[in-house]
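Overview (structure and organization)
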Amino acid sequence: MAAAVHEPEVIRDKAEMRAWSRHRRAEGKTVALVPTMGFLHEGHLSLISAAVAASTGPVAVVVSIYVNPSQFAPTEDLATYPSDFAGDLRKLAATGVVAAVFCPPDLYVRGPSAAGASGGAVSCLEDAGGHAHETWIRVEQLEKGLCGSSRPVFFRGVATVVAKLFNVVEPDVAVFGKKDYQQWRVICRMVRDLDFAIQIVGSEIVREADGLAMSSRNVNLSDEDREKALSISRSLMDARTAALNGSNHSQQIKDQIVQTLTEAGGQVDYVEIVEQESLVPVERMDRPCVICVAAWFGKPLRFLRRAVGLWAVAASRAGRSWVAKQSTMEVLPIG
Ligand SMILES: Nc1ncnc2c1ncn2[C@@H]1O[C@H](COP(=O)(O)OP(=O)(O)OP(=O)(O)O)[C@@H](O)[C@H]1O
Ligand SMILES: CC(C)(CO)[C@@H](O)C(=O)[O-]
Ligand code: BAL
């Protein structure tokens, strides 16, 4: 039976959001937060179900929609990140279980030099040379490698904004997808190290029928590139099967994945096999590990980006379009 439509309350103000959460808790409800950047799909909706499942007793689910400038470097795709707020609200209402949507206009205080440099509209906090905001959370080891190598400010921005969301929403539970495996582990570690009293849930990847992991940026893929991007899930499934059949040399498995992605026309960002919690690379898959893959598909894209007050024509990173795809596969090898 389909859930009854329930229009969530839309909250834009931080103080109002915090007061709302405190009221729900005073009513005896568990507050569960699902942080997103919007342009919602079934992957996001599965996090909402996971939030309900993880909460004991009555639950108030909050979905945040905020495209966080501080996790994008100036060369990245902040300006073109997809959005459809009206569509998102319809999808959230249709779940019947989302009580509030938190969509702040901004979560950062802009310093005078930032406002001056770009006429008040900073497209990316890095553009401001760090003057706009100077308190950052770094998860120093886990943020290195994998996505951290090619996105140098990404995890600092994610950890900081997620901590801010935690401080505003004050959730009991927060849910993150394992598609962004390193992100989930970074958040778990931050919560542990900084004593946030929040249960973090890692939720399984939702894939399209043909195996492609759902992702907001998939909308940027042409039909042809989408077909090529299927090589990611195909190579991951093949690798998992090989590992479960006893082939546990990481290098051999990684080489095979790189070959599959390259033959499909992808540009490999990384292929790594790491321990599940520490994200330390393993030579042999003889303990719980996760295979992590990111590759770019799509034609080189040129786009205009407003950087430090100048309109600059920026070729996307090394001529690659920002249809970056990442996905992971957890493996529990036998023996
Ligand atoms: N296919 C998916 N399955 C499970 N969780 C997902 C999936 N896609 C996204 N998520 C999770 O949803 C949360 C919000 O992610 P976000 O709004 O950035 O969407 P996204 O699809 O990951 O976008 P992008 O295309 O930018 O990677 C994150 O915790 C992310 O891991
Ligand atoms: C966790 C998050 C909402 C922080 O901006 C973002 O990185 C995302 O959507 O995965
Ligand atoms: N879910 C990933 C967010 C990002 O790529 O910025």
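Structure: above.
Let us look at the structure shown here. (Residues numbered from 1 in each chain as written. Chains lettered and ligands numbered in written order. Predicted model: local features only at pLDDT ≥ 70, side-chain atom pairs only at ≥ 80, totals over all residues. Heavy atoms only, no water.)

1. A word on the site of ligand 2
- Surrounding ligand 2, one finds Pro 35, Thr 36, Met 37, Asn 68, Gln 71, Val 158, Val 161, Val 162, Phe 176 and Gln 183.
- Side-chain polar atom of Gln 71 to an oxygen atom of ligand 2: 2.7 Å apart, as the coordinates give it.
- Here Gln 183 contributes a side-chain N or O atom positioned 2.7 Å from an oxygen atom of ligand 2.
- Relative to its unbound accessible surface of 290 Å², ligand 2 loses 88% to contact with the protein.
- Mapped onto the shell around ligand 2, the elements with two or more residues apiece are strand 2 (30-36) and helix 6 (154-169).
- Ranked by residues supplied to the shell around ligand 2, first place goes to helix 6 with three residues.
- Tallied by class, residues from the shell around ligand 2 come to six nonpolar, four polar and no charged. (Near = heavy atom within 4 Å. Polar contact = N/O pair within 3.5 Å; in protein donor to acceptor, adjacent residues only side chain to side chain. Areas by Shrake-Rupley, 256 points an atom, 1.4 Å probe, with all protein chains shown as cover. Helix = DSSP H or I, 4+ residues; strand = E, 2+ residues; numbered from the N terminus. Nonpolar A, V, L, I, M, F, W, Y, C, P; charged D, E, K, R; others polar.)

2. Let's talk about helix 8 (residues 223-244)
- Along its 22 residues, helix 8 runs 32 Å from first to last C-alpha, staying within 8% of the 32 Å computed at 1.5 Å per residue.
- Note on helix 8: the residue one or two positions beyond its end, Gly 246, has a positive phi of about 105 degrees. (Expected span 1.5 Å × (residues − 1).)

3. Comments concerning the sheet that holds strand 1 (residues 9-11)
- The six strands are arranged 1-4-3-2-5-6 in an open sheet whose pairing can be described as parallel. This sheet does not close on itself; its edge strands, each paired only once, are strand 1 and strand 6 (199-203). Looking at each pair of strands side by side, their axes are set apart by 25 degrees on average, direction ignored.
- Its contacts with the sheet put helix 6 on strand 2, strand 3 (59-65), strand 4 (98-102), strand 5 (173-177) and strand 6, and the angle it makes with strand 2 is roughly 150 degrees. (Pairing = 2+ DSSP bridges. Axes fitted to C-alpha atoms, helices over the stretch in contact; angles between N-to-C directions. Contact = heavy atoms within 4.5 Å.)

4. Looking at the packing of aromatic side chains
- Counted according to the given criterion, the structure contains five aromatic pairs.
- Seen from their ring centres, Phe 72 and Tyr 81 are 6.2 Å apart, and the 75 degrees between their planes marks the pair as edge-to-face. For the pair formed by Phe 72 and Tyr 81, the shared burial category is buried.
- A centroid spacing of 6.5 Å and a plane angle of 35 degrees characterise the contact between Tyr 108 and Trp 136, whose relative ring orientation is tilted. (Phe/Tyr/Trp six-rings, centres within 6.5 Å; stacked < 30°, edge-to-face > 60°. Buried < 20%, exposed > 50% of the residue type's maximum accessible area, 1.4 Å probe, protein only.)

5. Digging into the site of ligand 1
- Among the 20 residues in the neighbourhood of ligand 1, the closest are listed as Tyr 81, Asp 180, Ser 215, Ser 216 and Arg 217.
- Between ligand 1 and the protein, one listed contact pairs an oxygen atom with a side-chain N or O atom of Lys 179 at 2.8 Å.
- Between ligand 1 and the protein, one listed contact pairs an oxygen atom with a backbone N or O atom of Ser 216 at 2.7 Å.
- Compared with its free state, where it exposes 590 Å², ligand 1 has 95% of that area covered by protein.
- For the shell around ligand 1, the secondary structure elements donating two or more residues are strand 2, helix 2 (42-54) and strand 5.
- Considering each element in turn, the shell around ligand 1 owes the most residues, three residues, to helix 2.
- Residue composition of the shell around ligand 1, by class: eight nonpolar, eight polar and four charged.

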